[in-house]
Amino acid sequence: MVKSANNLKNMMAATIPRQHGAWFSLFACFMLGLIVAYQVNFKSFLLLISVVAGFLLRYSLSETIKAPRKFSFFVIPILFYFVILAVAGLPLLFYYNLIILIPLGVLPAVSVLSYFYFEKIGKANSLGSEIMGMLGIAAVSPASYYAASGKFTAAAAGIWIVSALFFLCSVFIVRYLVRGRLWHKKMSEYIKSISSPFAFCLFSVAAAYFLGRFTNLLPRYTFISLVPSLFILIGLSIAKKRSSIRRIGLISTANVIIFVILSAVSFL
């Protein structure tokens with residue numbers, strides 16, 4: 001009995017991903033939706049359970065794709081997370097009539113399927129895989145807003161857009177800081193190395209500015225929430241040596257917190 005309980009405990013523990021950045025981004029998007037909706041209720045709680053169960057289900061399935069022989073080990077967690085996802089998610093659709101959660105779930109579903117594909121071909125950590133993953137996580141923001149408020153407005157679309165811009169920018173920044181050679185003897189080498197992440201982050205800021213200036217999708221000053229990413233990129237990239245993973249993680253975490261605060265203030 002004790003041995004079986006320990007085996008089950010170990011089995012469930014093995015299905016919890018150690019992807020701290022993804023976990024933090026997931027909860028940050030969820031909190032942004034709640035803050036902008038300016039309310040918390042039982043529907044929000046059900047959505048949180050669904051999101052977490054879906055994330056854990058995705059991880060368990062991906063582990064079986066990497067090593068099909070482990071399927072027997074993961075079959076119980078897979079069934080468990082699927083049941084939790086259904087128990088928490090179906091009431092949102094059919095009792096609370098939050099039908100728009102279905103199209104909102106399309107991008108996360110595509111994100112998960114694309115991750116399985118990249119995992120299968122051995123490119124789970126590729127740029128394309130990380131971009132699709134962040135697009136899926138960004139969709140949690142409008143879903144959280146919609147579940148809390150019961151309505152899908154321009155604000156929901158807006159926090160989706162700004163979340164996607166921010167987290168895509170973060171992908172380029174982190175990949176550059178972790179993998180790039182950050183010290184160059186020639187300025188031309190430095191400019192060449194930083195050109196891609198800087199250009200994308202600058203594009204994100206510009207896109208947010210123009211969407212806020214000329215459309216109703218974003219508040220006018222939402223673009224400011226993306227500006228700190230540019231300063232972080234430039235500040236860390238001029239260091240004479242590559243920053244440690246821990247340091248990059250801490251700074252990225254602080255940047256996410258700043259983003260949520262500034263974005264929420266702009267929408268309120």
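Everything that follows concerns the structure shown earlier in this document.
What comes next is a walk through the structure. These numbers come from a predicted model, not from an experiment. (Residues numbered from 1 in each chain as written. Predicted model: local features only at pLDDT ≥ 70, side-chain atom pairs only at ≥ 80, totals over all residues. Heavy atoms only, no water.)

**Some thoughts on the overall build of the chain**
Scanning the chain from terminus to terminus reveals twelve helices and zero strands. Along the chain, from the amino end to the carboxyl end, the secondary structure elements read α-α-α-α-α-α-α-α-α-α-α-α. Taken across its 268 residues, the chain has 46% of its residues classed as buried. At a minimum sequence separation of 6, the contacts of the chain that also span at least 24 residues come to 77%. Element-wise, carbon and sulfur atoms account for 71% of the exposed surface of the chain, whose accessible area totals about 14,300 Å². (Helix = DSSP H or I, 4+ residues; strand = E, 2+ residues; numbered from the N terminus. Buried < 20%, exposed > 50% of the residue type's maximum accessible area, 1.4 Å probe, protein only. Contact = heavy atoms within 4.5 Å. Areas by Shrake-Rupley, 256 points an atom, 1.4 Å probe, with all protein chains shown as cover.)

**What to know about the state of the cysteines**
A full pass over the atoms with the stated rule returns one disulfide. Here C169 pairs with C201 through a disulfide, and the sulfurs are 2.1 Å apart. In this structure, the disulfide formed by C169 and C201 twists by about 115° around the S-S bond and is classed as right-handed. Of the two residues, C169 is situated in helix α9 (residues 154–179) and C201 in helix α10 (residues 187–214); the sequence distance between them amounts to 32 residues. The burial state of C169 is the same as that of C201; both residues are buried. (Disulfide = S-S within 2.5 Å.)

**Looking at the environment of K66**
Note on placement: K66 falls in helix α3 (residues 42–66). Using a relative accessible area of 47% as the deciding quantity, one classes K66 as partly exposed. In sequence terms K66 and G122 are 56 residues apart; their C-alpha atoms lie 8.4 Å from each other.

**A look at a nonpolar patch on the surface**
Together, F24, I257, I261 and V265 make up an exposed nonpolar region whose accessible area comes to about 350 Å². It is helix α12 (residues 245–267) that contributes the most residues to the nonpolar patch, three residues altogether. Relative to the helices and strands, F24 is located in helix α2 (residues 20–37). For F24, a relative accessible area of 31% puts it in the partly exposed group. (Patch = residues over 30% accessible without salt bridge, like charges linked within 9 Å, V, L, I, M, F, W, Y side chains within 5 Å. Salt bridge = Lys/Arg side-chain N within 4 Å of Asp/Glu carboxyl O.)

**Some thoughts on helix α6 (residues 106–120)**
When the terminal C-alpha atoms of α6 are compared, their 21 Å separation across 15 residues agrees well with the 21 Å that a helix rising 1.5 Å per residue should span. Just past α6, the residue G122 takes up positive phi, approximately 80°. (Expected span 1.5 Å × (residues − 1).)

**Points about helix α8 (residues 140–149)**
For α8, the buried fraction is high: ten of the ten residues fall into the buried class. Residues of α8 that are buried include every one of V140, S141, P142, A143, S144, Y145, Y146, A147, A148 and S149, and no others. Residues of α8 that are buried in the fold lie against α2, α3, α5 (101–104), α7 (127–138) and α9.

**Focus: the environment of P77**
Tracing the backbone shows P77 in helix α4 (residues 71–94). In the structure, P77 is positioned 16 residues away from L61 in sequence and 9.5 Å away in space, judged by C-alpha atoms.

**A look at the nonpolar core**
Residues L47, L101, L226 and F259 are the most contacted members of the largest nonpolar core, which totals 67 residues. Ranked by residue count, the leading element in this core is α9, at 14 residues. In contact with L47, not counting residues within four places along its chain, are F30, L92, L101, A143, S144 and A147. (Core = buried A, V, L, I, M, F, W, Y, C linked by side-chain atoms within 4.5 Å.)

**So, the side chain of T222**
The topology assignment puts T222 in the loop between α10 and α11 (227–237). Residues in contact with T222, not counting those within four places in the same chain, are V162, S266 and F267.

**Some words on the packing of α2 against α8**
It is the contact of α2 with α8, at a shortest axis distance of 7 Å, that shows an interaxial angle of 40°. In this view, α2 runs oblique relative to α8, as classed from their interaxial angle. Seen from above, α2 lies across α8 with right-handed handedness. Mapping the contact onto sequence places L26, C29, F30, L32, G33, L34, V36 and A37 in α2 and V140, S141, S144, Y145, A148 and S149 in α8. Tallied by class, residues from the contact of α2 with α8 come to ten nonpolar, four polar and no charged. (Axes fitted to C-alpha atoms, helices over the stretch in contact; angles between N-to-C directions. Parallel < 35°, antiparallel > 145°, perpendicular 65-115°, else oblique. Left-handed = near helix turned anticlockwise from the far one by under 90°. Nonpolar A, V, L, I, M, F, W, Y, C, P; charged D, E, K, R; others polar.)

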